[in-house]
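The lines below spell out each chain.
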Number of protein chains: 2
Amino acid sequence: LDYQHVQVPFEITLWIMLASLAKIGFHLYNKLPSVVPESCLLIFVGLIMGGIIYGLNDRSPPVMDSDIFFLYLLPPIVLDAGYFMPSRPFFENIGTILLYAVVGTIWNVFGISFSLYGICQVRAFQLQDVSLLHNLLFGSLIAAVDPVAVLAVFEEIHVNEKLHILVFGESLLNDAVTVVLYKLFRSFCEMPTIKSVDVFAGVGKFFVVGLGGVLVGLSFGFTAAFTTRFTKDIRVIEPLFVFLYSYLSYLTAEMFHLSGIVAIIACAMGMKRYVEANISLKSHTTVKYFMKMWSSVSDTLIFIFLGVSTIGENHEWNWPYICFTVIFCLVWRALGVLVLTFFVNRFHVNTITSKDQFIIAYGGLRGAICFSLVFLLPEFHRKKLFIAATTVVILFTVFVQGMTIRPLVDLLAVKRKRESAPTVGEQIHIRFLDHLLAGIEDISGHWGQYYWKDKLEYFNSKYLQKILLREYDQPKSSIVLLYEKLERKHAIELAEAGQLGHGPAHPSLLGPGFLCSSNDRTVRTNQKLEDTQNPDVLDNMQEILARNLYRIRRTGPAYNRHTLPGESEPSEHAKEILILRHKGL
Amino acid sequence: LDYQHVQVPFEITLWIMLASLAKIGFHLYNKLPSVVPESCLLIFVGLIMGGIIYGLNDRSPPVMDSDIFFLYLLPPIVLDAGYFMPSRPFFENIGTILLYAVVGTIWNVFGISFSLYGICQVRAFQLQDVSLLHNLLFGSLIAAVDPVAVLAVFEEIHVNEKLHILVFGESLLNDAVTVVLYKLFRSFCEMPTIKSVDVFAGVGKFFVVGLGGVLVGLSFGFTAAFTTRFTKDIRVIEPLFVFLYSYLSYLTAEMFHLSGIVAIIACAMGMKRYVEANISLKSHTTVKYFMKMWSSVSDTLIFIFLGVSTIGENHEWNWPYICFTVIFCLVWRALGVLVLTFFVNRFHVNTITSKDQFIIAYGGLRGAICFSLVFLLPEFHRKKLFIAATTVVILFTVFVQGMTIRPLVDLLAVKRKRESAPTVGEQIHIRFLDHLLAGIEDISGHWGQYYWKDKLEYFNSKYLQKILLREYDQPKSSIVLLYEKLERKHAIELAEAGQLGHGPAHPSLLGPGFLCSSNDRTVRTNQKLEDTQNPDVLDNMQEILARNLYRIRRTGPAYNRHTLPGESEPSEHAKEILILRHKGL
């Protein structure tokens, strides 16, 4: 037995296997995931495993390594989030998101820190040795909403798109603020005296870290798109470039102390449309599928590790400090959302309702990023207190808020996400209105979002597409692309529906139409219908016809007319067609 | 700048990026890959890079770490090879393959070792200090044909299936023999005296290492199949299990000093048919695509590293020893193939021709496995000589043999692989003959391969499928599965052909059938044909009809009759249908 030799890959594989099996386990019972969010279950599994390890070894189980978290587990989740980011609602609400992410986070950091510093002055709590700077450092890591936790919970409750993008976008973009504040306060901790110059330098860093991240991301994104122009002969490595370039953008940003999360999101959003046009359909399926798979595994591992790391002797249980941290996190977030939304609503027609505000405030979950940052704190005698407080805040937000948010959304009747995809008619109207509004803005001299969007679109089709796309003979209008996509999807659905519909021993398989496709079959049976008058054969034909026509109509309505799916009963159609046929005969 | 922090993932990503870009670079010029195999080009890139590193640093570039090779680079390639192994020719020729892999490799090891020992006795060459045991150790690593090198060359020359599987199967299965002999001689080197018991234990180990690998692989494979029974609700992590279980099988086998290559191949071949039936179509595309992508990247990295590691001061250039190694490798392989094939041909009707024998002997390429093993040798004063000899043998086989094998195959007119997939008719006949032969064998009391295949199939459908498949209501006959697969493929092709056929500004897009699928369109135009008599509309209809019907026939002929593709002119069909329609009207 030579365990040493294979230890590293073996243990990594086993952990991933455990995570995947845990996921399967939860989904075996359909009721469980609908009541308890998966993140809670995974933390629970982690707690049990941590308890077992603790019980067997009699020492604290290993905590999640911050390097592993930031270098290997976080990037796949953020890449997935950025690649599948609905860009329209994101850019429509970019102002509000940035306000929440930057001003809101700063508000939370200082609010929580100063309030906690106030608590520290109460003699009875024995916390006088926690300085303001330490509180600020703690505040900077506990204030930020966590994208992984938010995604895990909000993906399951299906609130409307705007609400989702507000909370989720904030959780992603506040990374720049968190990075700056955390590093600023950490360097202050190590400095003997703090000059006012340092504080101003810190403010300047916001822009460097955020915009630098965007720049790094976009440059890698466009390079990726450019690279996929030349992969026509080796389709098989196309998906690789999507992953390699986005990971490189993350690592490069981290290397220069910029925001890696912002960089990878910019990279993913920048390359998406060009890469999709360049790579083959199968490569694209692989990219999408693999991204989802990878982020799902990372997500699972993070929550399990979070549970495992909670167990042990790393904590100092000073309950007043811990409880007040939880309370202040909730209070300051609620206040922040109220105040910021007040200003946002003054400038927008489409206001954020008070129900939405409540969900935004309530959805401010903390997660693994805080947890990793608190372990990265420099050693000082109250570090264990901060670890304990962070753990409790995370568990409170994930368990209490995460589990109650779904009933609350139901109770408040928050507007849900529409289930169906927009029809072609709707899409045409949206696009038409975009052009109209861009024209109105241009005439009125108001440079709003539609004006800029139009300019960007012009720049894109005039320069970027020519450089980045392989087949740039004639610009395909997006409606044609949509049509092609729908036709392709329809064909696959048709085949699968047909295949699922009739069992292997079905007469239609053994009948005259056996080896033709359903398409061919329809035409041929139509022809035969005129030839044969044998009633048995006729019945058989009619059965096949009914089934096929029924299916065509059923899978088709979403886009061949402006109706909502399910409006017309499909079986009615089948009957109607049959009656028509009968009469014709 | 904080490079230390991100160094490991950054450098790995950069290496993979380099490999991928090199691949793209070669394929930009279409002529290059058709003359020089990709493996040669990659080694050449590696040599240049090694030269640059050597020139800049003035010391040897880093050699490929054997651990990285065996733990991370080799498994994806072997998994890919095992998963896409054509099982029918493999099992039909399993006896011959095993003979080549076991007896042939032993023959080569001892032939090369003793001849080289003979050379060492020549005073003029100054090699008297190389003992027989050292020569045996060297022979055990240089004798084995390398699967990575063979795959890289044989994938490009498209010889017939039987020839391919003979060379490739041998290169995979000889791993068990290599592992045993290499470890045996290595332990002999460290032992003070060798007892005859140790030699017998070594012979026993063959079976343990080989059969143990098969057992480990099959048990992991069946567990993987069993696990995918329960992934219905979380399709997204299905592909993961294929990779996790096969990698675990490799690591477990390596841990117990069994043959990891044999294990992963057994795992992949064991799970394939059950996993494919359980997982969704998209998961399956992802598995296939990702496997190909991964193995392609591994392959590229291995050859680049091989080139990089060649440069430097690790070599002792004793030319007589090196030249005789190359000569003996060629001679003993040729002799081995001749002798073994003589026996094989006596027991088979379908003999191996002398042309095939030549290609088998000539295709015995050495590669990265030898290279990694030679660096794993225990330190002794002539190790650098062995490294030099191994490097020269690898470069000679990959460059000289790899580049000349394609012209030789052309020159000898070796039977090529048939380009088209077998028709349904052929498949039915093959299956029918299988049953017939199994019956004949059963009656005549001869337990040949058909008898055992039939028994295995019975065991599979009676027990294995019930345990491992999710939907085991009624056993689907493989002809039905094939039909479903073809129908699905046809639907996709149809959509894509239709989409490629008409440009964005085509009249059919603006015509009456615009927003219906082609399927729907056919039905609707049929109905309209009866209603309208307006000649303009009629012409338009006929055009649409002609195009659609033409396409249906064109994409379909491969399986709806027993013809070879391209036999009937598709445009004839379209005309014929149009004429029929005209007459009908």
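Residues numbered from 1 in each chain as written. Chains lettered and ligands numbered in written order. Predicted model: local features only at pLDDT ≥ 70, side-chain atom pairs only at ≥ 80, totals over all residues. Heavy atoms only, no water.

Describing the overall build of chain A
Stage number 1. A tally of regular secondary structure across chain A gives 25 helices and zero strands.
Stage number 2. The buried share of chain A, reckoned over its 585 residues, is 53%.
Stage number 3. Within chain A, contacts between residues separated by at least 24 positions form 81% of all contacts whose residues are at least 6 apart in sequence.
Stage number 4. As displayed, chain A offers around 27,000 Å² of accessible surface, 65% of which is attributable to carbon and sulfur atoms. (Helix = DSSP H or I, 4+ residues; strand = E, 2+ residues; numbered from the N terminus. Buried < 20%, exposed > 50% of the residue type's maximum accessible area, 1.4 Å probe, protein only. Contact = heavy atoms within 4.5 Å. Areas by Shrake-Rupley, 256 points an atom, 1.4 Å probe, with all protein chains shown as cover.)

Here we look at the packing of helix α4 (residues 66–83) of chain B against helix α11 (residues 238–255) of chain B
Residue and element names in this part refer to chain B.
Stage number 1. Contact geometry for α4 and α11: axes closest at 10 Å, N-to-C directions at 115 degrees. Like other packed secondary-structure pairs, α4 and α11 cross with a definite hand, here right-handed. Between α4 and α11, the residues in contact are Phe70, Leu71, Tyr72, Leu74, Pro75, Leu79 and Tyr83 and Val242, Phe243, Ser246, Tyr247, Tyr250 and Leu251, respectively.
Stage number 2. A breakdown of the residues in the contact of α4 with α11 according to their chemical character gives twelve nonpolar, one polar and no charged. (Axes fitted to C-alpha atoms, helices over the stretch in contact; angles between N-to-C directions. Left-handed = near helix turned anticlockwise from the far one by under 90°. Nonpolar A, V, L, I, M, F, W, Y, C, P; charged D, E, K, R; others polar.)

A few points about the domain arrangement of chain A
Residues and elements named next belong to chain A.
Stage number 1. If you check the domain split of chain A, you get domain 1 (3–412) and domain 2 (424–471).
Stage number 2. With centres defined by C-alpha atoms, the gap from domain 1 to domain 2 works out at 33 Å.
Stage number 3. On the side of domain 2, 13 residues touch domain 1, which itself brings 16 residues to the contact.
Stage number 4. Taken together, the two surfaces of domain 1 and domain 2 that pack against each other cover about 1,200 Å², and 43% of this comes from carbon and sulfur.
Stage number 5. Its largest share of buried area at the contact with domain 2, domain 1 owes to Arg88, Arg229 and Tyr274, together 47% of the area lost on that side. (Domains from an automatic or database assignment. Buried area = accessible area lost by both parts, 1.4 Å probe.)

Some thoughts on the state of the cysteines
Stage number 1. Evaluated as defined, the whole model comprises zero disulfides over all chains.
Stage number 2. Unpaired in this structure, Cys189(B) has its nearest cysteine sulfur neighbour in Cys120(B), at a distance of 14 Å. (Disulfide = S-S within 2.5 Å.)

With respect to the packing of aromatic side chains
Stage number 1. Tallied over the full model, the rule gives 55 aromatic pairs over all chains.
Stage number 2. Considering the side-chain rings of Phe226(A) and Phe230(A), the 5.4 Å spacing of their centres and the 80 degrees angle between planes classify their relative orientation as edge-to-face.
Stage number 3. With relative accessibility at 35%, the residue Phe226(A) sits in the partly exposed group.
Stage number 4. Summarising the aromatic geometry, the rings of Tyr321(B) and Phe386(B) are spaced 6.0 Å apart at their centres and angled 25 degrees between planes, so their arrangement reads as stacked. Here Tyr321(B), found in helix α14 (residues 319–347), pairs with Phe386(B), found in helix α17 (residues 383–412); they are 65 residues apart in sequence, far enough to count as distant.
Stage number 5. These aromatic residues form a ring-pair network of at least three members: Phe243(A), Phe290(A), Trp294(A), Phe243(B), Phe290(B) and Trp294(B).
Stage number 6. Of note, Lys292(A) hangs over the ring of Phe84(A), and the distance from its end group to the ring centre comes to 4.2 Å. (Phe/Tyr/Trp six-rings, centres within 6.5 Å; stacked < 30°, edge-to-face > 60°. Lys NZ or Arg CZ within 6 Å of the ring centre and 35° of its normal.)

Thoughts on the environment of Ser372(B)
Residues and elements named next belong to chain B.
Stage number 1. Within the secondary structure layout, serine 372 lies in helix α16 (residues 368–375).
Stage number 2. Between the C-alpha atoms of serine 372 and isoleucine 387, which are 15 residues apart in sequence, the distance is 9.8 Å.
Stage number 3. Sequence-distant contacts of serine 372, that is, excluding residues within four places in its chain, are made with Met64, Ser66, Phe69 and Phe70.

Things to note about the pattern of salt bridges
Where side chains of opposite charge bring their charged atoms close, a pairing between them can arise.
Residue and element names in this part refer to chain A.
Stage number 1. Counted under the stated rule, the structure contains 26 salt bridges over all chains.
Stage number 2. We note a salt bridge from arginine 382 to glutamate 316, for which the minimum N-O separation is 2.8 Å. Placement of the pair is arginine 382 in the loop between α16 (368–375) and α17 (383–412) and glutamate 316 in the loop between α13 (281–310) and α14 (319–346), with a sequence separation of 66 residues.
Stage number 3. What makes arginine 382 buried here is its relative accessible area of 9%.
Stage number 4. For glutamate 316, a relative accessible area of 25% puts it in the partly exposed group.
Stage number 5. Through salt bridges with shared partners, a single network forms among Arg88, Glu92, Asp434 and Lys453. (Salt bridge = Lys/Arg side-chain N within 4 Å of Asp/Glu carboxyl O.)

Some thoughts on a nonpolar patch on the surface
All names here are of chain A.
Stage number 1. There is a patch of nonpolar side chains on the surface, built from Trp107, Ile327, Leu330, Val331, Leu335, Leu338, Val339, Phe342 and Phe343 and spanning about 770 Å² of accessible area.
Stage number 2. Of all the elements, α14 adds the most residues to the nonpolar patch, at eight residues.
Stage number 3. Here phenylalanine 343 shows up in helix α14. (Patch = residues over 30% accessible without salt bridge, like charges linked within 9 Å, V, L, I, M, F, W, Y side chains within 5 Å.)

Here we look at unusual backbone geometry
Stage number 1. With a phi close to 55 degrees, Gln126(B) is a non-glycine residue in the positive phi region.
Stage number 2. Residue class for Gln126(B) comes out exposed when judged on its relative accessible area of 59%.

Section: α16(A)
Stage number 1. Here α16(A) lies mainly inside the structure; eight of its eight residues are buried.
Stage number 2. Taken as a whole, α16(A) has its buried residues at Ala368(A), Ile369(A), Cys370(A), Phe371(A), Ser372(A), Leu373(A), Val374(A) and Phe375(A).

Notes on the packing of helix α6 (residues 94–120) of chain B against α14(B)
All names here are of chain B.
Stage number 1. Relative orientation of the contacting elements α6 and α14 amounts to 145 degrees, with a least axis distance of 8 Å. The two elements α6 and α14 meet at a crossing, and its hand is right-handed.
Stage number 2. Classifying every residue of the contact of α6 with α14 gives 18 nonpolar, eight polar and one charged.

Points about helix α15 (residues 354–362) of chain B
Stage number 1. Among all positions of α15(B), only Asp356(B), Gln357(B), Ile359(B), Ile360(B), Ala361(B) and Tyr362(B) are buried.
Stage number 2. On its buried side, α15(B) packs onto α6, α8 (147–157), α9 (161–190), α14 and α17 of chain B.

Here's the deal with the environment of Ile302(B)
Stage number 1. Within the secondary structure layout, Ile302(B) lies in helix α13 (residues 281–310).
Stage number 2. With near-sequence residues (within four places) excluded, Ile302(B) lies in contact with Met64(B), Phe69(B), Leu73(B), Ile77(B), Val148(B) and Ala368(B).

Considering a positive patch on the surface
Stage number 1. A surface patch of like charges, here positive, comprises Lys282(A), Lys288(B), Lys485(B) and Lys489(B).
Stage number 2. Within the secondary structure layout, Lys282(A) lies in helix α13.
Stage number 3. Assessed through its relative accessible area of 48%, Lys282(A) is described here as partly exposed. (Lys, Arg positive; Asp, Glu negative; His and termini not counted. Charge placed at Lys NZ, Arg CZ, Asp CG, Glu CD.)

Digging into the side chain of Glu254(A)
Stage number 1. Tracing the backbone shows Glu254(A) in helix α11 (residues 238–255).
Stage number 2. Despite its burial, Glu254(A) remains without a salt bridge, the nearest opposite charge being carried by Lys183(A) at 5.7 Å.
Stage number 3. Beyond its immediate sequence surroundings of up to four residues, Glu254(A) is in contact with Gly260(A) and Val6(B).

Focus on the environment of Ile194(A)
Residue and element names in this part refer to chain A.
Stage number 1. Structurally, the position occupied by isoleucine 194 is in the loop between α9 (161–190) and α10 (196–227).
Stage number 2. Considered as a pair, isoleucine 194 and histidine 27 are 167 residues apart in the sequence and their alpha carbons are 54 Å apart.
Stage number 3. If near-sequence neighbours (up to four positions away) are discounted, isoleucine 194 is found in contact with Leu133, Phe188 and Val199.

Digging into the confidence of the model for chain A
Residues and elements named next belong to chain A.
Stage number 1. Per-residue pLDDT for chain A averages 79, and the proportion of residues at 70 or more is 82%.
Stage number 2. Confidence over residues 499–533 falls short of pLDDT 50; this stretch has 68 contacts with residues more than four positions distant or in other chains.
Stage number 3. Here residues 548–571 is modelled with pLDDT under 50, and outside its nearest four sequence neighbours on either side it reaches 39 contacts, counting other chains as well.
Stage number 4. Reported confidences for the modelled complex are a pTM of 0.77 and an ipTM of 0.74. (pLDDT = per-residue confidence, 0-100.)

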